[in-house]
Amino acid sequence: MSTEEKSAAAPRSLAEALRGRDDAELAALLRSRPDLVTPVPTDLTQLATRAGTRASVVRALDRLDRFTLQTAQALAVAADPAPYDELLGLLAGDEGDRAVSAALPGAVRTLREQALVWGDDDRLRLVRTARELLSPSPQHPSPTGLGPTVREATAGMSPGRIQEIVTAVGLPSTHDSVSAVAALTGLFTDRERMAALLAEVPFESLEVLERLVWGPPYGQVTADPATRLRRLLDRGLLLPTAPGTVVLPREVALHLRGGRAHRAVEPVPPPVGAAATHPPRVVDATAAGQAYTALATVEELLKDWDEGGPAVLRSGGLSVRDLKRTAVALDVTEQVAAFWVELAHAAGLLASDGGGGTSHALKAVGDDERYAATPAYDTWRERPAAERWTTLAAAWLTATRTPGLVGGRDAKDHTLSALGPGLDRSAAPEVRRRVLTLLAGLPEGAAPDAGSVSERLRWERPLRATGGAAGSGSTGAGSGGGRGDDLRSRLALWTLTEAEMLGVTGRGALSAHGRALLGMPAPAPKAHAGRTDRSPESTGPGDRLPVHHRPAVPPPDSPAPPSPALTPAEQAAASTAAARLLAPQLPEPLDHVLLQADLTAVAPGPLQRPLADMLGVLADVESKGGATVYRFTPGSVRRALDAGRAATDLHAFLAAHSRTPVPQPLTYLIDDVARRHGHLRVGAASAYVRCDDDAMLNEILADKRAAGLGLRRLAPTVLAAQADPAGLLEGLRQMGFAPAAESAEGDVLITRADARRTPPRTAPEPVPEGPPVPDDTLLAAAIRAVRAGDLASTAPRKAKAGEADAGAGSGELPRTGAAETLATMQAAVLTGETLWIGYVNAEGAASQRVIAPVRVEGGFVTAYDHTADELRTYPLHRITGVAELADDEN
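Structural notes, computed from the coordinates. The structure presented is a predicted model; accordingly, all values stated were derived computationally and were not measured.

Reading the values: the criteria
Residues numbered from 1 in each chain as written. Predicted model: local features only at pLDDT ≥ 70, side-chain atom pairs only at ≥ 80, totals over all residues. Heavy atoms only, no water. Helix = DSSP H or I, 4+ residues; strand = E, 2+ residues; numbered from the N terminus. Buried < 20%, exposed > 50% of the residue type's maximum accessible area, 1.4 Å probe, protein only. Contact = heavy atoms within 4.5 Å. Areas by Shrake-Rupley, 256 points an atom, 1.4 Å probe, with all protein chains shown as cover. Salt bridge = Lys/Arg side-chain N within 4 Å of Asp/Glu carboxyl O. Core = buried A, V, L, I, M, F, W, Y, C linked by side-chain atoms within 4.5 Å. Axes fitted to C-alpha atoms, helices over the stretch in contact; angles between N-to-C directions. Parallel < 35°, antiparallel > 145°, perpendicular 65-115°, else oblique. Nonpolar A, V, L, I, M, F, W, Y, C, P; charged D, E, K, R; others polar. Pairing = 2+ DSSP bridges. Arc of directions from axis to C-beta.

1. Some points on the overall build of the protein
(1) Moving on: What the protein contains, in helices and strands, is 35 helices and 27 strands.
(2) Moving on: The buried share of the protein, reckoned over its 890 residues, is 48%.
(3) Moving on: In the protein, once contacts between residues fewer than 6 apart in sequence are set aside, the share between residues at least 24 apart is 67%.
(4) Moving on: Here the protein has roughly 41400 Å² of accessible surface; of this, 53% comes from carbon and sulfur atoms.

2. A few points about the side chain of Thr 374
(1) Moving on: In this fold, Thr 374 is placed in the loop between strand S9 (371-373) and helix H20 (375-381).
(2) Moving on: Judged by relative accessible area, Thr 374 falls into the buried class, the value being 1%.
(3) Moving on: Ignoring any residue separated from it by four or fewer positions in sequence, one finds Thr 374 in contact with Gly 348, Leu 349, Leu 350, Ala 351, Arg 757, Thr 758 and Arg 761.

3. Points about the pattern of salt bridges
(1) Moving on: For the coordinates displayed, the defined rule picks out 36 salt bridges.
(2) Moving on: Arg 59 is the partner of Asp 35 in a salt bridge, and the nearest nitrogen-oxygen pair spans 3.4 Å. In this pair, Asp 35 sits in the loop between helix H3 (23-32) and helix H4 (44-51) while Arg 59 sits in helix H5 (residues 54-62), placing the two residues 24 residues apart along the sequence.
(3) Moving on: Judged by its relative accessible area of 12%, Asp 35 falls in the buried class.
(4) Moving on: On the basis of relative accessibility, which here comes to 38%, the residue Arg 59 falls in the partly exposed class.
(5) Moving on: Here Asp 80 makes a salt bridge to Arg 131, at a shortest N to O gap of 3.9 Å. You can see Asp 80 sitting in the loop between helix H6 (66-77) and helix H7 (84-92) and its partner Arg 131 sitting in helix H9 (residues 128-134), a full 51 residues away along the chain.
(6) Moving on: Among the charged side chains, a salt-bridge network with shared partners connects Arg 63, Glu 430, Arg 461 and Arg 488.

4. Considerations on the nonpolar core
(1) Moving on: Grouped together as the largest cluster of nonpolar side chains are 91 residues, with contacts concentrated most on Leu 61, Phe 67, Phe 188, Leu 237 and Leu 238.
(2) Moving on: Among the elements that take part in this core, H6 stands out by supplying seven residues, more than any other.
(3) Moving on: Of all hydrophobic cores here, the second largest spans 74 residues; its members include Trp 340, Leu 350, Leu 491 and Leu 581.

5. Concerning the packing of helix H17 (residues 280-304) against helix H21 (residues 385-398)
(1) Moving on: Running from N to C, H17 and H21 point in directions that differ by 80 degrees, and their axes come no closer than 10 Å. In terms of orientation, H17 and H21 fall into the roughly perpendicular class. When H17 is examined against H21, the residues Ala 291, Leu 295, Val 298 and Glu 299 are found in contact with a partner set consisting of Ala 385, Arg 388, Trp 389 and Leu 392.
(2) Moving on: Split into classes, the residues belonging to the contact of H17 with H21 amount to six nonpolar, no polar and two charged.

6. Observations regarding the environment of Ala 863
(1) Moving on: Here Ala 863 shows up in strand S25 (residues 860-865).
(2) Moving on: Residues Ala 863 and Pro 853, ten residues apart in the sequence, show an inter-C-alpha distance of 4.0 Å.
(3) Moving on: The contacts of Ala 863, once residues within four sequence positions are left out, are Ile 851, Ala 852, Pro 853, Val 854, Glu 870, Leu 871 and Arg 872.

7. Some words on the pairing of strand S4 (residues 239-242)
(1) Moving on: Where S4 and strand S5 (residues 245-247) come together, three bridges link them in antiparallel fashion. In the strand pairing of S5, Pro 240 is matched with Val 246.
(2) Moving on: Count of turn residues in the S4/S5 antiparallel hairpin: two residues, of which Gly 244 carries a positive phi of about 85 degrees.

8. A closer look at the sheet that holds strand S17 (residues 681-683)
(1) Moving on: In spatial order, the strands read S19-S20-S18-S17-S21; together these five strands make up an open sheet with mixed pairing. In this open sheet, the two edge strands, each paired with only one partner strand, are strand S19 (712-715) and strand S21 (740-741).
(2) Moving on: As judged from the three bridges shared by S17 and strand S18 (residues 687-690), these two strands associate in the antiparallel manner. Directly across from Val 682, in S18, lies its bridge partner Val 689.
(3) Moving on: Those strands touched by helix H32 (residues 694-702) are S18, S19 and strand S20 (718-721), and its axis lies near 160 degrees from that of S19.

9. Things to note about helix H30 (residues 647-657)
(1) Moving on: Taken as a whole, H30 has its buried residues at Ala 647, Leu 650, Phe 653 and Leu 654. Seen end-on, H30 carries its buried residues on one side only, within an arc spanning 125 degrees. Residues Thr 648, Ala 655 and Ala 656 are exposed on H30 and point more than 90 degrees away from its buried face.
(2) Moving on: Against the buried residues of H30 lie strand S13 (594-596), helix H28 (609-618), helix H29 (634-642) and helix H31 (664-676).

Below, the structure is given as structure tokens:
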């Protein structure tokens, strides 16, 4: 093909370049830039226009890795259009770079796929908006550190001054400034002539250029520059841009740099290093232990809030005091407590009761809004341990709420509280999944070096790493910069810590069930003569998840692949596989405890649900660890009696579940508390105390500690109180009595363990990062609609009498009279021709359509609409006009 033929075949716009793509390539574009499909463009011209808007381009640049971004930055300082060889020279330099040469085709392909670059290799064009964002300017210096070209820097210079510079460098004078600037540019871009020119410049002047060569290219000079500066100004090696300001022209800087646009080009992502390596079975066992601890911690948290947790702040969230109390109760730091609270909330197990939680206990009138367990918590507790863990892990993996931010400050300098607003970070799910994917790429059992993970993430998303907008000049993305405290790095470190606490990793390495949770197949077991460390269930075909379209785990030094979140069906399959792998690693629940003479019970392992629930009511947890120690106290025994248990029930329960004889002190304690329990009765008057023993009521009235209860005698066996029933119960118990609450009918109220629940609540929805990625069905429909709309807007039409050429794609609706429209429609029904029509719907929106009429009757035309790809009926009075398509397009 000749040069002229190639030029004629080359696309003249981004829209034409998009028309040359097949459906798979368009689908890849819309999948990588989902903002382009919402709403669905009417045709490819509108798609190209939308792809060039500033907001969309900034979003696309934001998702480029460092080398691809450096490629776009190099194109922004290259000629427009630029041949591939020029782009390669800007990135590899005069001496060349094998790594750059190998990586550049992939970077250009990525930019093309995302419609940031279009054109063939001999005419690469960066979309105009991207060029404007990435090109150097005084307001927004380029990360390349380059300044304006000679033509741009001399735009406001007098013709006489330009001729003086041309003469000073030994070039013949010209008749106009344009040719003079062109000659000067030709000199600066000619390596041999430029080297000869610089050889004439004294060393002290070259030192000035060396200070500006890598940027910033601007410098300050006085009204009377020193001799070393004057020599540079006379030769155009420095050019004035404003009074007192000079700039190093781009062509000069590139020569001094050896042709490189960047000081440091990073075509290969930094590898993720391994800090330590452990046997896989140790990793899985450690992770399983952490998973069990996670389940116990969440249960302990919600058990502590069973009867109504902390109050909700007016601005939302937990107060600092309540978070500290929760941390003390869980025996963890406040930051770790915030993580567990947020995790339970994300899993839908914890929520605000809205001030009206369901409770069977006595409540004060006008209860404040409080946090409590949801009804889903009760269902969750009954599921197997491995399934309960996958519920927590899957919620953590997809949650946008970020517990690591708790205690920090928002934009208004307000403290960020747990469960409060302002904790959502839409990048969190992507970072978590990406970090775990990087761990999956390491050798089995290898724990990553946290610093190398952060460096890798900064390479993959350099603009996000620095928090700067493309072209802002503050990103440092082109030179390998990036602050160590950026959000993505912090998210990565939090991910490593949280994954360890949750049991997704063990000793820092990704576990087998953690890998399955990501939807990845388990690694092939190594052949050996001894017994395998994995259970038969962990290597069966069930662990091969039905996500066949996902690629295998890439090596940790490969460029960042797309890591889309799993669909609900895929996540359900992944959770099932993870639970199957985790279940054999968890300890089996026990059905017994060891009672001791010091009023304690030792649980040598996890207990079965009924036993654990009953023991949690009958005794208080004294210490936790490999074995849990429970202590029996008068208060704990009274709590069991309040829950409706009789003393005989408690004796029988302990005898049935203890591997040791029931100690006599424990038997005496239960009988003593039961004998006094319920002797006093408290009900609602405001509140009252009822007792058949008037001597006991006299004792209460005489006690100074009862002064705050506002008691007075109404009858020999009844005392009235100003305190509410709940406060009266608590006050009498603090005085050493064992009162029981009663209903309006006089029956004893039974206080159950699940006393307070919120109304049904759904788990908080993650805050998406921009429009969601369209699924395959939506993509297929959108592409079909865009293709049909493009056909309607670009299809050539037959010329009418008196018209030189009907043209194509003019964007104007066809205009014909009603009679002509009807006649053309009827003729098309007989001949089977395809027509181009203008149509205005009931809302007044106009559109162009390509239809094949099937029937015309009753003022309506029924036709196959190529735009909608379906059979439709249109009122004839809403058709503005009709035209026949050219024969070669039928």
